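# Structure assessment
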Amino acid sequence: MKLKDRFYILLVLVGMVLTYALLSRTTYSEVDITAALVEANANLKENQEILVFDSKNPFNFRDILRDLDQVSNQQVYAVLTYPEEKKVSYPVVIGVAGSLGWSDHHRGYLQRYRDMGIATATLHSFSSRGVKSTVGEQVSATVAMIVHDSYMLLSALNSKENIDIDNVAITGWSLGGGVALFSAWEDVQERLTPDLKFAAHLPIYPPCIANVDKLNFSDAPIHILIGESDNWVPAQPCVELISGLTDKGKKNADITVFPDSHHSFDRNSELKVVDHAYSLTDCRLVLDTDGTVRTEDFNFPLSNSFLQKLGLYFCADRGPTMGGNKEAALQAKGISMNFIKKHLLD
């Protein structure tokens, strides 16, 4: 075979591989949650109950908006915890952990809400799928996947007579902050639960996109808490997101940026570098109306796991910093309690 012919064949093969990479969807197999439920039941307290509900495994928001029928099913569970104060009908705060899973500082927020007479529901998307952490890969459990879970949990809560379904808020940290934020995207909410939506959204150091001009967000209040020095998910895109929502006429979108504060500023720990985690400081992302995430600089689609890894390899850095700031944590405690009180109790 001539060298010229071999070159043409190579070009065809490369073209076929690229076409496959661009058009293929990331799919997941359903995970049996029996073992996870056994463990959860073994640790259950008297004021708790487990809610098991049907969800799905979308990789991204496009899967939700365009291809949901092709997405695999997945059972997921949450733990509903009641406050000491007895009520006929309980408002609820749904909590969503970050990429490292549940930690004590997350539980501290939820305990404070229960002290206010509010029930809390911890969403266990990771353990339902056999996932321990998504740090450094963000594929085994995704924001879109857990947004789907959160709305299915909202539907499960709606079936309980002792839940005030009109007063269910959602909060989350980091990855979970992204869930708390993008669950306010109306297109997704209307696709999943057209008759149900969250009463308030409290994202804490979420990954933000700033191109909200073509995206419709819920009229429910949003308040973002994030550190000025966050180099895991930087504050500036969140500032621009809130500014964009305000420019569109949304009057109840707000943000608090804490000075000299890093990712997980509310964690009781010293600052440390997480070598294998992504740093998005110089990697701006945009979200198309069809649910596709792209890099802002080159419009590169992160539309499946392969392209996401490839895009972030060239766009993102590694080795962000995380750790606590006592002053910021104290301020966040007050802001979060006031926000939840105002929108669920007042």
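Look up: the structure comes first, before these words.
Residues numbered from 1 in each chain as written. Predicted model: local features only at pLDDT ≥ 70, side-chain atom pairs only at ≥ 80, totals over all residues. Heavy atoms only, no water.

### Considerations on the packing of aromatic side chains
The description of an aromatic ring pair rests on the distance of the ring centres and on the angle between the ring planes. Counting across every chain of the model gives 9 aromatic pairs. Ring centres of Tyr313 and Phe314 lie 5.1 Å apart, and the angle between their planes is 90 degrees; this geometry places the pair in the edge-to-face category. Taken individually, Tyr313 and Phe314 each receive the classification exposed, so the pair is uniform in this respect. Among the aromatic residues, those joined into a cluster by ring pairs are Phe61, Phe182 and Trp185. Sitting above the plane of the Tyr109 ring, Arg112 keeps its charged end 4.9 Å from the centroid. Over the face of the ring belonging to Tyr278 we find Arg318, whose NZ or CZ atom lies 4.1 Å from the ring centre. (Phe/Tyr/Trp six-rings, centres within 6.5 Å; stacked < 30°, edge-to-face > 60°. Buried < 20%, exposed > 50% of the residue type's maximum accessible area, 1.4 Å probe, protein only. Lys NZ or Arg CZ within 6 Å of the ring centre and 35° of its normal.)

### Section: helix H9 (residues 235-247)
Across its 13 residues, H9 extends 18 Å between first and last C-alpha, which sits within 8% of the 18 Å expected from 1.5 Å per residue. Of the residues making up H9, those classed as buried are Ala235, Pro237, Cys238, Leu241, Ile242, Gly244 and Leu245. The secondary structure elements touched by the buried residues of H9 are helix H7 (175-182), strand S7 (222-227) and strand S8 (253-258). One or two residues past the end of H9 sits Gly249, with phi positive at roughly 100 degrees. (Helix = DSSP H or I, 4+ residues; strand = E, 2+ residues; numbered from the N terminus. Expected span 1.5 Å × (residues − 1). Contact = heavy atoms within 4.5 Å.)

### Let's talk about the nonpolar core
Phe61, Ile94, Leu157, Ile224 and Ile340 are the most contacted members of the largest nonpolar core, which has 100 residues in total. The element that contributes the greatest number of residues to this core is helix H6 (residues 143-158), accounting for 11 residues. When near neighbours in sequence (up to four residues on either side) are disregarded, Leu157 contacts Leu51, Leu80, Val92, Ile94, Ile163, Ile165 and Val168. Of all hydrophobic cores here, the second largest spans 7 residues; its members include Leu37, Ile50, Tyr77 and Val79. (Core = buried A, V, L, I, M, F, W, Y, C linked by side-chain atoms within 4.5 Å.)

### Some remarks on the pairing of strand S5 (residues 163-173)
The buried count for S5 comes to 9 of 11 residues, which makes it a mostly enclosed element. Across 5 bridges, the pairing between S5 and strand S6 (residues 200-204) is parallel. The residue bridging Ala169 from the neighbouring strand is Ala200, located in S6. (Pairing = 2+ DSSP bridges.)

### Overview of the sheet that holds strand S2 (residues 73-81)
The pairing of strands in a sheet happens through backbone hydrogen bonds and is either parallel or antiparallel. Taken together, 8 strands build an open sheet; the order of strands is S1-S2-S4-S3-S5-S6-S7-S8 and the sheet is mixed. Because the sheet does not close on itself, it has two edges, and the strands there are strand S1 (48-56) and S8. On average, adjacent strands in this sheet sit at an angle of 20 degrees to one another, irrespective of strand direction. Bridge analysis of strand S3 (residues 90-96) against strand S4 (residues 119-124) gives 5 bridges, and the strand direction is parallel. Note on S4: the bridge partner recorded for Val92 is Ala119. (Axes fitted to C-alpha atoms, helices over the stretch in contact; angles between N-to-C directions.)

### Structural notes on the state of the cysteines
Here the structure, examined in full by the defined rule, presents 2 disulfides. The disulfide bridge from Cys208 ends at Cys238, spanning 2.0 Å between sulfur atoms. Around the S-S axis, the bridge from Cys208 to Cys238 shows a dihedral of about 95 degrees and counts as right-handed. Here Cys238 lies in helix H9 and Cys208 lies in the loop between S6 and S7, a separation of 30 residues in the sequence. Taking the relative accessible area as the measure of exposure, Cys208 reaches 12% and is therefore buried. Take Cys238: its relative accessible area is 0%, and that puts it in the buried class. The residue that forms a disulfide with Cys283 is Cys315, at a sulfur-sulfur distance of 1.9 Å. In this structure the cystine formed by Cys283 and Cys315 twists about its S-S bond by roughly 115 degrees; its chirality is therefore right-handed. Of this pair, Cys283 sits in the loop between strand S10 (278-279) and strand S11 (285-287) while Cys315 sits in helix H10 (residues 305-315), placing them 32 residues apart in sequence. Neither residue differs from the other here; Cys283 and Cys315 are each classed as buried. (Disulfide = S-S within 2.5 Å.)

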